[in-house]
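Fold and geometry: a report
So the chains spell out like this:
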Amino acid sequence: MRDATTGGPPDPAVLDLPFAVGEAASGPLTWAQSVMWDAMQWFGKEANQFNIGQPLVLAEPVGQARLLAALRSLVEAHQTLRTRYVARSGQPRQEVHASGSYDVVVADGHDDPARVAEELAGRLAETAFDHEAEWPLRVGCVVDGERRVTAVALVGSHLAFDGWAFHTFVDLLLAGLTGEQDQPEQTSPPAASAQPSAGEGVPQALEQAAFEGSAAGQQQSRLGLRHWEQGLSTAPASMFDLPRAATGDQPIERHLLDSAAVAAAAATLAARTRTSFSTVLLCLTTLVLTAYNGHDTAVLKLITGNRLDRRSRDLIALNTLDALLAFTVPRDVDLLTAIRQTHRPAFDAYRRAQCDPRAVRTVVEEVGRRRGVSFDLSTYFNNGHRGNDWAVTGPEPGPDRLAELRAGSRYTRLDPLPRSDMKFMVAASNAGEGICRLGLLVDTTYLPGALGETIVRGIETLLCDAVADEIGVAEIPGRIGLTPAVRGADWVRTPAGWVRPADVAELVREAAGGVEVAVLAAGPAPDTVLTAYVADASAVPEELHRRVLDLLPGRTGVAAPDGYVACVAAPPAGAGPDAWRGVPVAARGPGRPA
């Protein structure tokens, strides 16, 4: 049926789903929620890219009343589903409501429920959530000619759900829809006073926030912060100290590879090395990236759920935090040895992920200023599959079988984005039917656009090749057609990573008010030392260093000099850079603590 006034489809109907349970409550955000809150504030309307959506076709139609009853039961049991996220006095909080109402959008789809459900989920996901005015879940359903529900469309806010929580919610909803006992046909709930025990024994987000503020939670946080401080004490400032390329207004490219070969090969290598599926993909990610950027040490944030006990596994709430992985990448070994050597650092990183993110930011800033850098921690890895999704259950796949699986791989380039707080991310998720969905995000300002497909397909190639052959880590670029980044002779390697002294000189010149500056490099890589010579006899090195540090955030390929020399005057024009070492000196000062 078409809308007679517009010629388009009619506006869908809306079912009212009221709920009432217990008492209202409020509290601070959990650590995980606060990380996502900050990200969503930064993205604004573009935060719709965080929405988690799923169309769900039911095996058998159910009555609308049954869907409403199943949804109501979950809303009343799990605080997350009746929470608003608000800013009060400049601080975000979560407010759990005791009563309210959901709108459930209804669409006709008796001709094709799967297509209509997918389209409905897409429409529900189009806009970012208004968390102060909106519940963190949008629900729609598709009905047949008899008005029975044949499919459900669900879209959750990433402030409320991570992948684990969302899929757990979906499983619980399916159980409520397919249970043997019919739900009551009434669509209005009993009075709140008649159901005080709803959600009793169910882990809740407010309980998680309370634990994080407790003595035990703070001790856990201190251990995590120590891990961050130790890792950053020797880590390069950025994985993207590279020559920058001119890009258009959509520099963020996204690539997907749906591959049963990746799932089979990675699971096989995990079993062979006695590590994990996550470790295998993480190892390949670091090896490919550092083969391109010329680093010996990899620095990544690992998106970490750590649902290690029954309480966290049953928590319907966002529970992911960033873990820090900083470790020396194995070079003169074969790939399987590299996977084994990655496992322990990755385990330690995941183990220490649970800590206060605001305290993490303080540690990152303090260690950076101590080392004369501003850390660019924009490289991410996200292993999003659940448990043993692809555990090896039969004989290892041989080359012929892997070739057969690779023939069915499907590569997709998604629409680019105007910006992201990530410059590089590899993510793995379960696409069903034994398929791993390997996703890659790259900022083409630092990694050319063609590199994205090379990397995502290259990971598949390396995994499959390693099942049958011994692969040396040094062979990786040649095997996948990866051309390492080219830096000019004007770049040097320092403990902070790759640095272009001319850019450091420009930075110091800005901090010094525009006077003439030269930055000279001395000593062998990767321990090259930078000294800034400033043509200003009144310059105070300590004050100049503080101004340089304040200018560092957002810049790659630069670091504060190791030392400053305030000169009476610049050398004569045309004398060359080394002439700065011979001019009269007014003051000297270090760029690092003694």
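Residues numbered from 1 in each chain as written. Predicted model: local features only at pLDDT ≥ 70, side-chain atom pairs only at ≥ 80, totals over all residues. Heavy atoms only, no water.

**Some words on helix α7 (residues 260-273)**
Quick note on the threshold: Helical segments are the DSSP runs of H or I of at least four residues, strand segments are the runs of E of at least two, and each set is numbered from the N terminus. Take the number of residues in a helix, subtract one, and multiply by 1.5 Å to get its expected span. Buried means the residue's accessible area, taken with a 1.4 Å probe over protein chains only, is under 20% of the maximum for its type, while exposed means over 50%, and partly exposed covers the values in between. Contact criterion: two residues are considered in contact whenever any of their non-hydrogen atoms come within 4.5 Å of each other. Contacts described as polar in this section are N or O atom pairs within 3.5 Å, which, within protein, must combine one atom able to donate a hydrogen with one able to accept it, while residues neighboring in sequence count only if both atoms come from side chains.
With 14 residues, α7 ought to run about 20 Å at 1.5 Å a step, and its terminal C-alpha atoms sit 20 Å apart, in line with that. With 11 of its 14 residues buried, α7 lies for the most part within the structure. Considered for burial, the residues of α7 that qualify are Ala260, Ala261, Val262, Ala263, Ala265, Ala266, Ala267, Thr268, Leu269, Ala270 and Thr273. Residues of α7 that are buried in the fold lie against β9 (252-259), α8 (277-293), α10 (335-351), α12 (399-407), β15 (435-443) and α13 (449-468). Near the N-terminus of α7, the side chain that reaches the backbone nitrogen of Ala261, with its oxygen 3.2 Å away, is that of Ser259. Where α7 ends, the next residue or the one after it, Arg274, has phi of about 55°, a positive value.

**Topic: the pairing of strand β6 (residues 99-108)**
Heads up, the rule is: At least two bridges found by DSSP between two strands is the condition for calling them paired.
Pairing between strand β1 (residues 13-20) and β6: 8 bridges, direction antiparallel. Counted as the bridge partner of Pro18 is Ser101 from β6.

**Examining the pattern of salt bridges**
Our working rule: Within this document, salt bridges are pairs made up of a side-chain nitrogen of Lys or Arg and a carboxyl oxygen of Asp or Glu, the two lying within 4 Å of each other.
Summed over all chains, the structure comprises 37 salt bridges. When the shortest N-O distance is used, the salt bridge between Arg272 and Glu396 registers 2.6 Å. Here Glu396 lies in the loop between β12 (379-383) and α12 and Arg272 lies in helix α7, a separation of 124 residues in the sequence. The class for Arg272 is partly exposed, based on a relative accessible area of 29%. The exposure class assigned to Glu396 is partly exposed, which follows from its relative accessible area of 44%.

**Here's the deal with the packing of α8 against α13**
When two helices pack together, their arrangement is given by the angle between the helix axes and by the axis-to-axis distance. The test is simple: Axis lines are fitted to C-alpha atoms, over the contacting stretch for helices. Their N-to-C directions set the angle, which ranges from 0 to 180 degrees. For this classification, under 35 degrees means roughly parallel, over 145 means roughly antiparallel, 65 to 115 means roughly perpendicular, and everything else is oblique. Crossing handedness is read from the near helix: turned anticlockwise from the far helix by less than a right angle, it gives a left-handed crossing, and turned clockwise, a right-handed one. Nonpolar residues are Ala, Val, Leu, Ile, Met, Phe, Trp, Tyr, Cys and Pro. Charged residues are Asp, Glu, Lys and Arg, and all others, Gly as well, are polar.
Interaxial distance between α8 and α13 falls to 10 Å at its minimum, and their mutual angle equals 130°. The orientation of α8 with respect to α13, classified from their angle, is oblique. Crossing angle aside, the handedness with which α8 passes α13 is right-handed. Residue-level contacts link Val280, Leu281, Leu284, Thr285, Val288 and Tyr292 of α8 to Leu451, Ile455, Ile459, Leu462 and Leu463 of α13. Broken down by class, the residue content of the contact of α8 with α13 amounts to 10 nonpolar, 1 polar and no charged.

**Quick look at empty space enclosed by the protein**
Rule in force here: Any residue with an atom within 4 Å of a point lines the site, the site being either a cavity, points on a 1 Å grid over the protein atoms alone where a 1.4 Å probe fits but cannot get out, or a pocket, an open set with protein on both sides within 12 Å along at least 5 of 7 lines. Grid points are joined across faces, edges and corners, and a volume is the space filled by probe spheres set on the points.
Summed over all chains, the structure comprises 1 cavity of 30 Å³ or more. Put simply, the largest cavity is a space of about 90 Å³. Lining the largest cavity are 13 residues, and of these Ala237, Arg555, Thr556, Gly557 and Val558 lie nearest its centre. Of the residues that constitute the lining of the largest cavity, the class distribution is 6 nonpolar, 4 polar and 3 charged.

**Observations concerning the side chain of Ser34**
Mapped onto the secondary structure, Ser34 falls in helix α1 (residues 31-43). Apart from residues no more than four positions distant in its own chain, Ser34 is found in contact with Leu29, Pro357 and Arg358.

**Some words on the sheet that holds strand β19 (residues 529-534)**
Strand order in the open sheet made by the 4 strands is β18-β19-β20-β21, with mixed pairing throughout. Two strands in the sheet have a free side with no partner beyond their single neighbour: β18 (517-522) and β21 (585-590). Taking each pair of neighbouring strands and ignoring which way they run, the sheet shows an average axis angle of 20°. One ladder, built from 4 bridges, connects β19 with strand β20 (residues 563-567); its direction is parallel. Among the inter-strand pairings, Thr531 is bridged to a residue of β20, identified as Gly563.

**Focus on the sheet that holds strand β2 (residues 25-28)**
Read across the sheet, 3 strands follow the order β2-β5-β4 without closing on themselves; strand pairing throughout is antiparallel. Sheet topology places β2 and β4 (83-88) at the edges, where each strand pairs with a single neighbour. Going from strand to strand, the sheet's axes swing by 30° on average, the running direction of each strand aside. By the bridge criterion, 6 bridges tie β4 to strand β5 (residues 91-96) in an arrangement that is antiparallel.

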